[in-house]
Structures are given as C-alpha cells and as structure tokens.
Amino acid sequence: MSATRSERRPGAELNRVLVVDDEADIRELIDLTLARMGLLAECVGSVAEARVALDAQSFQLCLTDMRLPDGVGLDIVRHISEHHAQTPVAVITAFGSAENAVAALKAGAFDYLAKPVGLEQLRALVKSALRLPGADKEEGDGMAALIGDSPAMEQVRTMIGKLARSQAPIYISGESGSGKELAARLIHARSNRGGAAFVPVNCGAIPENLMESEFFGYRKGAFTGADSEREGFFQAASGGTLFLDEVADLPLAMQVKLLRAIQEKRVRKVGAVSEEPVDVRIICATHRNLRDCVDKGAFRQDLYYRLNVIELRMPSLRERVEDIAPLVDCILARLGGEPPPRLSAAALKAMQLYAFPGNVRELENVLERATALRSGDLIEAEDLYLEPGEGGGEELGRGSESLDDYLNRLERQAILEAIQKTDGNRTAAARLLGVTFRSLRYRLERLGIE
C-alpha cells in the first residue's frame, strides 16, 4: 500500500479519501488535487489493497478506477455498499463508457468521472460527496410526509434514503396522484443539494414553440419580445434538482436538445453563440409507461436510458389499502375544524373497497368534499359520494385495473409481506411463499422490487 505526501503532513484531523487506481500518474494527480483541498489521501492500486484499507480505517470518500489488475471498480462499489454504507464512492471510467457509468450508479456509486480526469470536475465531485448527509439522518426532514406502514411504502422510504446519497438521474413511475413529486422533493431535500433550488417543470404545460427558451433561457434581442436576458429552468436549478414531470409529453425535437444538455452538462441560451456549464440533477416522472413510449417511437431510446438510470416506482393506493386509515386521519386533521371530523366505520369500509383511480390526490378531494357536505361531526358513507361501479366492489377487487395489473399487484404485495416477515431474508421468504429462490429472484426483477 503506497504512502502519499498528504498522509505524511502533520496537522489537524482531516477528511480522508481512498484513491484506487493502478496508474501511478493518475494517483499522483488526484493526490495533489486532494492535498490542495486540504484532504488526506491514501492511494492503492488494486481491489485487494482497497479492501484492506477500508477494513483498517474509515474514509469520507472513495475514488476508484473501473479497471483494476485483480477486478473491477464495481467490486469495490459493492463491497462499500455492503460493509461501509456511510462512505460515498465514485468511479473513474474510460471516456465514452456510458454503460460502465450507469452500471456503477445502479450498484450504489455516488457519481462518476470520465477519463481524462478534469480537475474542475474532480474538485466539484469531492465537494459534493463531502457534503452528503449521513444515513442515520433524522427523518424529520419530510420523510414523515410519506404516510403509511405498508410493505410498499417501507420499500419507497428505503429507496429514497439510498437515492438521496447518489447523483444518478432518477425516473419515478406511478399513476397520477400517487405522490411522484413528493418523492422527488424528499430525494432532493435529503441529498447534498438540499440547500439549493428544487425546480419542478410540467413538461406537458409548455407550448412547443417556447420550450427551448423556457428550458435554456435566452439572450436579449434573441426574438421579438426578448427585451432582456432571462435564465431558463436549467440555470434556475443550478446546484440543485430539476424535476421534469410528465416527461413523456416532450416533443421529439426537444428531447434531442435535452439529451445533449444532460450528456454535456452544458446549455446554450437562445440567441447565444457559446454554451455555459450547468450543474443540475435530473429527476423525471410520468404516469405513462415510458418503455411503451420508446417502443412506439414517441420517446427517444437514448434519452430513456439517460433518464432511467434508477427507477423508483410509487405504488397506487389500491396496493396499500392498509394505509387508507392513517391517510384519512392525516388529511382530516389538515382540513381543520375543532374537533376535526371523523369517519364512520361504514365510510372507512366504503373507501377501502373503492379503487381510487386518482390515488391519494383523489382521496384528498373526496374527503374535502365530504367535510363540506357532512351534516354532523361524523362523515358517513353517503357523504363520500363515491360513484357505484367506479370503485370496483368487493366481489371484483380490482376496479379499473387490467387483469395483468391486478395479478401483478397481488403478487407484489405477497412478496413484500413475505420479505418483511422474514426481516429481508430472501431465502426464507422464498420458502414462506412456496417457491424456489431462483423463482423469487426472477419475480423480484420482473416486478421491479429492490
């Protein structure tokens, strides 16, 4: 294990960074850069040496090359994820190796750098990593807004905690009203970008002829009516998060421009001759199936893979019926009144049998209407005005779902409950479900369960 000049310097206790690369000149470059930032570097050249160093002491960051003599950088990423979860890790990949970068982010890497390593990008990455919140951060920063203790919501909370420690682009899928923007805001708030702007954009609400200027800004005189220079969404979200809601509604021409901005991390204002760097994290969402949009030619495949590095699926209300009661209590308390209105047992049963195609948003609307129309302190079933037939009664149990969606929902719920009962032991969960471990693993992948 090689010593470094930054290790030999006496002084106060500093942040320590593990650098893993088999090229001496790369190690020297990174070591010098870190030393000038006031950081201690320990440099090693293999996966085996990295594991020894990690087990011997704690590090605030790990930088690892993808190709190493005795393995790959992903081996170190996985080792850190399993044994040193508090340590963010970034990988260094060959120029243009997008597949390696995506694989590293999915394995749990915080971010990546492309060779040749740019010192400006390296310094920015290190600063971001050292501002990361710890995994033991209090959940008083908004996570309590995700109400419910169902297995599906427990999985969402766990995923949000992991995603907040990454810089990877995220695709949030789920039906309308299921809480996609809330999840995006929580990821942003818990990340190192939480102190900067969160800029939500409804892609379906912007006229096509204004999209480029809205996203990238414009220079004075760029077009008729451009009386002054204006920043776009990317500049407004600098250092923070840009949330692209209903991203499937973007026209193909804008998709090309968005892809370039994400790849190059640079944008050009309308009317400008040069590009400017931008530092934003992209989170996107849509209620439509983005993969189907790609298959139909309505969404670019290359942009899909840039946006969908990691997917977070928000469950529908039908998949977490047990959460309806606590959701009702929270919403009624927020609607006000002294004392706040209560739901009768019959009304709660009616809501649990209703399919809620509009999910939590529809639940809020139903309760707001019932609060206004009730005759006493108790909300009865008839005050809810749930349309018969829309809820898909108890004998059907699946409302407006297709048969495939209904069966997938039941299968997902059964698997999540089994994993919860066995404290995450998937082998025991497979036995509980009466299937082989290989069969369970296939089902987990097919249903998108982490």
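Sequence order sets the numbering: in each chain, residues are counted from 1 along the sequence as written. It should be noted that, the model being predicted, local features are given only for residues of pLDDT at least 70 and side-chain atom pairs only at 80 or more, the latter also being counted only at that level, while totals for whole chains, interfaces and linings use all residues. The side-chain numbers reported here are obtained from all heavy atoms of the structure, hydrogens and water having been left aside.

A.B. asks: Quick question: what am I supposed to make of the overall build of the chain here?
C.D. replies: Helix and strand assignments follow DSSP, with helices taken as H or I runs no shorter than four residues and strands as E runs no shorter than two, numbered in order from the N terminus. In terms of helices and strands, the chain carries 20 helices and 16 strands. Contact between two residues is taken to exist if any of their heavy atoms lie within 4.5 Å; hydrogens are not considered. Residue pairs at least 24 apart in sequence account for 70% of intrachain contacts in the chain once pairs closer than 6 positions are excluded. All accessible areas in this document rest on Shrake-Rupley with a 1.4 Å probe, and a residue is counted as covered only by the protein chains that are shown. With the model as given, the accessible surface of the chain reaches about 21900 Å², and the carbon-plus-sulfur share is 49%.

A.B. asks: Please clarify how the state of the cysteines should be interpreted in this entry.
C.D. replies: Simply put, the disulfide is a covalent bond whose two ends are the sulfur atoms of two cysteines. Throughout, a disulfide means two cysteine sulfur atoms within 2.5 Å of one another. Inspection of every chain in the model, using the stated rule, returns zero disulfides. This cysteine, Cys203, is not joined by any disulfide, and Cys284 carries the nearest cysteine sulfur, 8.5 Å off. A 1.4 Å probe rolled over the protein chains alone gives each residue an accessible area, and that area as a share of the maximum for its type sets the label: buried under 20%, exposed over 50%, partly exposed in between. Judged by its relative accessible area of 1%, Cys203 falls in the buried class.

A.B. asks: Even after reading the chapter, I still don't get the nonpolar core, so can you show me in this structure?
C.D. replies: Across soluble globular proteins, nonpolar side chains show a tendency to be buried alongside one another. What makes a nonpolar core is a set of buried Ala, Val, Leu, Ile, Met, Phe, Trp, Tyr and Cys residues whose side-chain atoms join them at distances within 4.5 Å. Ranked by size, the top nonpolar core spans 33 residues in total, and within it Phe215, Phe234, Leu242, Leu244 and Phe299 carry the most contacts. Ranked by residue count, the leading element in this core is helix 11 (residues 252-264), at five residues. Setting aside chain neighbours within four positions, we find Leu244 in contact with Val201, Cys203, Phe215, Leu258, Ile282, Ile283, Cys284 and Ala285. By size, the runner-up hydrophobic cluster in this structure holds 22 residues, among which are Leu146, Met153, Ile160 and Phe198.

A.B. asks: Explanation requested: the packing of aromatic side chains in the structure shown.
C.D. replies: The way to describe two aromatic rings as a pair is by their centre distance and the angle between their planes. Ring pairs shown here join Phe, Tyr and Trp side chains whose ring centres sit within 6.5 Å, with only the six-membered ring taken for Trp; geometry is labelled stacked below 30 degrees between planes, edge-to-face above 60, and tilted in between. A complete count under the given rule lists seven aromatic pairs for this structure. Arranged with centres 5.9 Å apart and planes meeting at 25 degrees, the rings of Phe198 and Phe243 form a pair that is stacked. Here Phe198 is found in strand 9 (residues 198-202), whereas its partner Phe243 is found in strand 10 (residues 241-245), with 45 residues between them in sequence. Accessibility classification places Phe198 together with Phe243 in one group, the buried group. Connected via pairs of aromatic rings, a cluster forms that spans Phe215, Phe216, Phe233 and Phe234.

A.B. asks: Please explain the sheet that holds strand 10 as it appears in this structure.
C.D. replies: Consider a sheet: its strands pair through backbone hydrogen bonds, and that pairing is either parallel or antiparallel. Strand order in this open sheet of five strands is 9-10-13-8-14, and the pairing throughout is parallel. This sheet does not close on itself; its edge strands, each paired only once, are strand 9 and strand 14 (310-313). When the angles between neighbouring strand axes are averaged without regard to direction, this sheet yields 20 degrees. To obtain an axis, a line is fitted to C-alpha atoms, over the contacting stretch when the element is a helix, and the angle between two such axes runs from 0 to 180 degrees between their N-to-C directions. Across the face of the sheet, helix 8 (residues 180-190) comes into contact with strand 8 (170-173), strand 9, strand 10, strand 13 (281-286) and strand 14 while running at roughly 155 degrees to strand 9. A pair of strands counts as paired when DSSP detects no fewer than two bridges linking them.

A.B. asks: Honestly, the pattern of salt bridges in this entry has me stumped. Any pointers?
C.D. replies: Opposite charge on two side chains permits pairing when their charged atoms draw close. Only one rule defines a salt bridge in this text: a Lys or Arg side-chain nitrogen within 4 Å of an Asp or Glu carboxyl oxygen. Tallying each qualifying case throughout the model produces 18 salt bridges. Taking the shortest distance from any N to any O, the salt bridge between Arg219 and Glu229 comes out at 3.3 Å. Residue Arg219 is located in the loop between helix 9 (211-216) and helix 10 (233-236), and its partner Glu229 is located in the loop between helix 9 and helix 10; the two are separated by ten residues in the primary sequence. The exposure class assigned to Arg219 is partly exposed, which follows from its relative accessible area of 38%. Residue Glu229 is classed as partly exposed on the basis of its relative accessible area, which comes to 46%. Note that Glu275 and Arg260 form a salt bridge whose closest N and O atoms lie 3.1 Å from each other. Of this pair, Glu275 sits in the loop between strand 11 (266-267) and strand 12 (276-277) while Arg260 sits in helix 11; the two residues are 15 residues apart in sequence, bridging distant segments of the chain.

By themselves these figures say nothing about function.
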